Amino acid sequence: MTELVVQQVNFAYNDATVLRDVSLTMQPGSLNLLVGPSGSGKSTLLKLLAGLYPTFSGGKLTGQLTLDGYEIHDIVPFQRVAHIGYLFQNPTRQFVMKTPFEELRFSLENLQVAPEDMTSRIEDALTRVGMRDFMWHDLMTLSGGEKQKVALAAVLAADSHYLLLDEPFANVDPTSRLQLIQLIKAYQQSGKTILIADHDWSGYTDVIDDVFVMADGGLHTASTAEKTTILSQLPTQPAVHTTQPDAVIGDVVLDQVTLTNGDRPLLSKTSLTIPNAKRTLITGPNGVGKSTLFSALVKLYPYGGQILYQNQSLTKRRIAQHVRDVALVFQNAEQQFVAMTMAEELAQAQQMSRFPELWTSAVLDDVLTRLNLAHVRDHIVYQLSGGQQKKLQVLLMLMTGTPVLLFDEPLAGLDSVSQAHLLAIIAEITTQQAQTVVMISHQLHAVTDWFDYHLQFEDQALTFRGDAS
Amino acid sequence: MNPLMKFGVIMIIALELTFIKSVTINLIVIAVSAVLYLILHLRWRQWLWLCLLPVLPGLGSWFSLMYFGTGDHVHMAWVMLSRVYAYLWLGGLFTLKLNDERDIFLATLEQRAHLSPTFVYALVGVLNFMPAVNQQIKTIRVAAQMRGMTLHIWEPQLYFKAILSAIRWSQSLAEGMVSHGFTEGAQRTHLEAVTIKRLDWVIAIIALIAFQLLLLPHWY
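In this text, all values refer to a predicted model and were calculated from it rather than measured experimentally.

Asker: Is there a simple way to think about the overall build of chain B in this case?
Answerer: Counting secondary structure elements, chain B contains nine helices and zero strands. Starting at the N terminus and ending at the C terminus, chain B contains elements arranged as α-α-α-α-α-α-α-α-α. Relative to a compact globule of 220 residues, whose C-alpha radius of gyration would be 17 Å, chain B shows 23 Å and is clearly more extended. Dimensions along the principal axes, computed over C-alpha positions, put chain B at roughly 65 × 50 × 30 Å. Classification of the 220 residues of chain B by burial places 27% in the buried group. For chain B, the proportion of contacts with a sequence separation of at least 24, taken over those separated by at least 6, is 73%.

Asker: Would you mind showing me how to read the pairing of strand E9 (residues 210-215) of chain A here?
Answerer: Consecutive side chains along a regular strand alternate between the two faces of the sheet. Residue and element names in this part refer to chain A. Where strand E3 (residues 31-35) lies against E9, four bridges are found, and the strand directions are parallel. Its bridge partner being in E9, Val35 is matched across the sheet by Val213. Where E9 and strand E10 (residues 218-221) come together, four bridges link them in antiparallel fashion. Residue pairing across strands places Met214 opposite Leu219, the latter belonging to E10. Following E9, the chain reverses through two residues before pairing antiparallel with E10; Asp216 in that reversal takes a positive phi of roughly 50°.

Asker: Where do I start with the packing of helix H12 (residues 386-400) of chain A against helix H13 (residues 416-432) of chain A in this structure?
Answerer: The description of two packed helices rests on the angle between their axes and on the distance between the axes. Residues and elements named next belong to chain A. H13 packs onto H12 with a crossing angle of 5° between their chain directions and a minimal axis gap of 11 Å. The orientation of H12 with respect to H13, classified from their angle, is roughly parallel. Where H12 abuts H13, its residues Gly387, Lys391, Val394 and Leu398 lie against Ser418, Leu422, Ile426 and Ile429. A per-class count over the contact of H12 with H13 returns five nonpolar, two polar and one charged.

Asker: Any chance you could explain the domain arrangement of chain A here in plain terms?
Answerer: The accessible area lost on association of the parts is a frequent measure of interface size. Residue and element names in this part refer to chain A. Per the domain assignment, the segments of chain A are domain 1 (4-232) and domain 2 (252-465). Computed from C-alpha atoms alone, the centre-to-centre distance between domain 1 and domain 2 is 29 Å. Elements that contribute at least two residues to the side of domain 1 that touches domain 2 include exactly helix H5 (144-158) and helix H6 (174-189).

Asker: Explanation requested: the UniProt feature "transmembrane region" (unreviewed entry) in chain B in the structure shown.
Answerer: Residue and element names in this part refer to chain B. UniProt's feature table lists "transmembrane region" (unreviewed entry) at residues 12-40, 47-69, 75-96 and 201-219, given in the numbering used throughout. Annotated as residues 47-69, this span is 87% helix and 0% strand, and its ends, taken at the C-alpha atoms, are 32 Å apart. Between the C-alpha atoms that bound residues 75-96 there is a distance of 31 Å. The span itself is 95% helix and 0% strand.

Asker: Whenever I open this one, helix H9 (residues 198-215) of chain B confuses me. Can you help?
Answerer: Structural remark: α-helix, 3.6 residues per turn; residues separated by three or four positions point the same way. Here H9 of chain B is 18 residues long and its end C-alpha atoms lie 26 Å apart, about the 26 Å a rise of 1.5 Å per residue gives. The element H9 of chain B is largely exposed, with a buried count of zero among its 18 residues.

Asker: Is there a simple way to think about the nonpolar core in this case?
Answerer: Within soluble globular proteins, side chains that are nonpolar generally end up buried alongside one another. Ranked by internal contacts, the top residues of the largest apolar core, which has 85 residues, are Leu104, Ala153, Ala157 and Leu164 of chain A. Ranked by residues supplied to this core, first place goes to H5 of chain A with nine residues. Excluding anything up to four places from it in sequence, Ala157 of chain A contacts Leu104, Ser107, Leu108, Arg121, Ile122 and Ala125 of chain A. Listed in part, the 67 residues of the second largest apolar core include Leu346, Leu396 and Leu406 of chain A together with Met146 of chain B.

Asker: Looking at this model, I keep getting lost on the domain arrangement of chain B. Mind explaining?
Answerer: Each domain of chain B was delimited in the assignment, giving domain 1 (3-103 + 194-215) and domain 2 (117-179). Relative to domain 2 of chain B, the C-alpha centre of domain 1 of chain B lies at a distance of 35 Å.

Asker: Honestly, the pairing of strand E11 (residues 252-261) of chain A in this entry has me stumped. Any pointers?
Answerer: All names here are of chain A. Alignment of E11 against strand E12 (residues 264-274), held across seven bridges, turns out to be antiparallel. From the neighbouring strand, Asn261 faces E12, where its bridge partner is Arg264. When E11 meets strand E14 (residues 304-309), the two strands line up antiparallel, connected through five bridges. Following the sheet pairing, Leu254 is matched in E14 by Ile307.

Asker: Explain the interface of chain A and chain B to me, please; I cannot follow it from the model alone.
Answerer: Opposite the 45 residues of chain A that make contact, chain B presents 38 residues. Mapped by element, the contributors of at least two residues to the side of chain A that touches chain B are helix H2 (77-83), helix H3 (100-110), helix H4 (115-128), H5, helix H9 (319-322), strand E16 (326-329), helix H10 (342-352) and H12 of chain A. For the side of chain A that touches chain B, the element with the highest residue contribution is H3 of chain A, accounting for five residues. Residue classes in the side of chain A that touches chain B are distributed as 32 nonpolar, eight polar and five charged.

Asker: I would appreciate a short explanation of the sheet that holds strand E15 (residues 312-313) of chain A in the present structure.
Answerer: Pairing between the strands of a sheet is mediated by backbone hydrogen bonds and can be parallel or antiparallel. Residues and elements named next belong to chain A. Taking strand neighbours across the sheet as the criterion, the four strands line up as E12-E11-E14-E15 in an open arrangement whose pairing is antiparallel. For this open sheet the edge positions go to E12 and E15, each flanked by a neighbour on one side alone. Its contacts with the sheet put helix H8 (residues 290-297) on E11, E12 and E14, and the angle it makes with E11 is roughly 125°.

Asker: So what exactly am I meant to see when it comes to the environment of Ser116 of chain B here?
Answerer: All names here are of chain B. Relative to the helices and strands, Ser116 resides in the loop between helix H6 (98-111) and helix H7 (117-145). Residue Ser116 is classed as exposed on the basis of its C-beta count, with 12 C-beta atoms lying within 10 Å. Sequence spacing of Ser116 and Leu93 is 23 residues, and the spatial spacing of their C-alpha atoms is 26 Å.

Asker: Please clarify how the sheet that holds strand E19 (residues 453-458) of chain A should be interpreted in this entry.
Answerer: Residues and elements named next belong to chain A. Taken in spatial order, the six strands of this open sheet run E16-E17-E18-E13-E19-E20, and their pairing is mixed. Strands at the two margins of the open sheet, each flanked by one partner only, are E16 and strand E20 (461-465). On average, adjacent strands in this sheet sit at an angle of 20° to one another, irrespective of strand direction. Bridge count between strand E13 (residues 279-283) and strand E18 (residues 436-440): four bridges; the pairing is parallel. Considered in E18, the bridge of Ile282 is made with Ile440.

Asker: Any chance you could explain the environment of His241 of chain A here in plain terms?
Answerer: Residue and element names in this part refer to chain A. Of note, His241 is situated in the loop between helix H7 (224-232) and E11. Overall, the presence of 13 C-beta atoms within 10 Å leaves His241 in the partly exposed class. Look past the residues within four positions of His241 in its chain and what remains in contact with it is Thr448 and Asp449.

Parameters and conventions
Residues numbered from 1 in each chain as written. Chains lettered and ligands numbered in written order. Predicted model: local features only at pLDDT ≥ 70, side-chain atom pairs only at ≥ 80, totals over all residues. Helix = DSSP H or I, 4+ residues; strand = E, 2+ residues; numbered from the N terminus. Rg over C-alpha atoms; globule rule 2.2 N^0.38 Å. Buried ≥ 20, exposed ≤ 12 C-beta atoms within 10 Å, placed from the backbone. Contact = placed C-beta atoms within 7 Å. Pairing = 2+ DSSP bridges. Axes fitted to C-alpha atoms, helices over the stretch in contact; angles between N-to-C directions. Parallel < 35°, antiparallel > 145°, perpendicular 65-115°, else oblique. Nonpolar A, V, L, I, M, F, W, Y, C, P; charged D, E, K, R; others polar. Domains from an automatic or database assignment. UniProt positions renumbered as here; feature names shortened; annotations may be inferred. Expected span 1.5 Å × (residues − 1). Core = buried A, V, L, I, M, F, W, Y, C linked by C-beta atoms within 7 Å.

Next comes the structure, spelled out in structure tokens:
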């Protein structure tokens, strides 16, 4: 059994301390949870453990971070990966090759697995995560959750002793999530040690051995009482309370719309109206086509049938004009920044706002404080943490004041406090500005009473769910 | 034929063409390429490209030699025109098939030509990323338009964002490669070992000898 030692680890970029005197001991063969607010240093710790940092980040590392007595980042990757597997937070860009099979082949070739064992190991790993049928599909056409399953298969195929997962389910639907948890549990039962950083631990509360709490760069092991409190914070089966819409009035109308991904049908002929000035939730399994639907609504993806905005077909609307009426809050926050610092971004958004009278400096100061962003106002936007970037992006899009706002997983990767604040602010502002909100989210426990309507995307159809109103 | 072998033969013949001032030889090369294309079953669009692409550089050098050249300029004008076509049609034998043969070409470079795997897999990553570039530029523009800003193609902001996403992407590619165990300079195993068939060698040698024989009569 290899031994991972983390003793008094400190890590800092220039003068900004990220980790302070961190020590971590995991029981062999245990499943452990790492919790803490967004930006507290969880991803940094995991990447240090995986040996990716400081090689890829720069920064100064002190303290003991060793595997069997060797500095982790000094071990050559092909030997390190055989001991420590790592799953990225963002599933989109961790692949080198074109298809799942080739990606796993690449990985096993690096690990110098004998050619005659390779095919069976690849097929076995892909079968275990339920992606065998997608073995030769183009990775770019897979959904976030499907990519995450392939990434997990690569780790399973490498058969490492330690498995580190950074928010592995942030973009995964509840069904796939349960499947992945079962897989990870089975992996643990074969004697592996696992550490998961997550904001949402519904579904595996009963199997967690230890909880590690990260706050402001410091780490401690939760006491039994603290662990019980943390794990009891979430209901296992959140029920979303919405009503059925009647006599819907709306600017966005789908008329016999179809969507496909390559030769895979996503949506068969669907007609519906998105209710104006209401909040509508879209849920559905991974890869069902939720993000694709949003892309089609902003003219970034081809579709069949007609999509109308204020009775005008999207085909007749120039994209630049259209997205001033229907805007998408992208999953990747960085894509939506247009300046360098947060202050510049805010100034730009104030200037472009449809409701400049609402966005006085006092209001802005108040909102920034509530979002816990006031202290990073002069920072470069690309250097903010994932959670901070997301909160800023949502704020900027709210300031712009587009009549229809589509949110693609705005809560993924945020801690529950940030989620609650962000939802409160979205509700407040969109009500003031009479905006229509459509949101894709898997973080159902955070939104049980937040939405007016609920659209279920399943079996190539969109259906309104909820009680009769 | 293995694409790397094909590449080598084409390079040698092309190099020799550079020193040969013969319209006839150029025409023979074009004719042989045309026969090979007929066997390969090109799409009409590819034929169109083969015919149109050399027009501009070919006619450019033809006109400049014809009207502004000195010495044996009339002959040279025709040599240059036919040479541009010969280069392109010869090169096309390699490039037009490259899409289908890309993986085997890169695998040959790694395993047979012993090119650094770091280079080969960085290239694989880049090639896999290419289709996403256009979409990415479009997305960047639309994302900015949603913030009320139009990024025109002459605006540096657009390129800043594009370069930024390229840098991000290359970083995550590097991290992805390392997290999947890729090690610079380390041994790797190969699921499919690339072998160059003896027949490939024979065909390559015959092609090269035939070309030399063609040059023997000194008719250029």
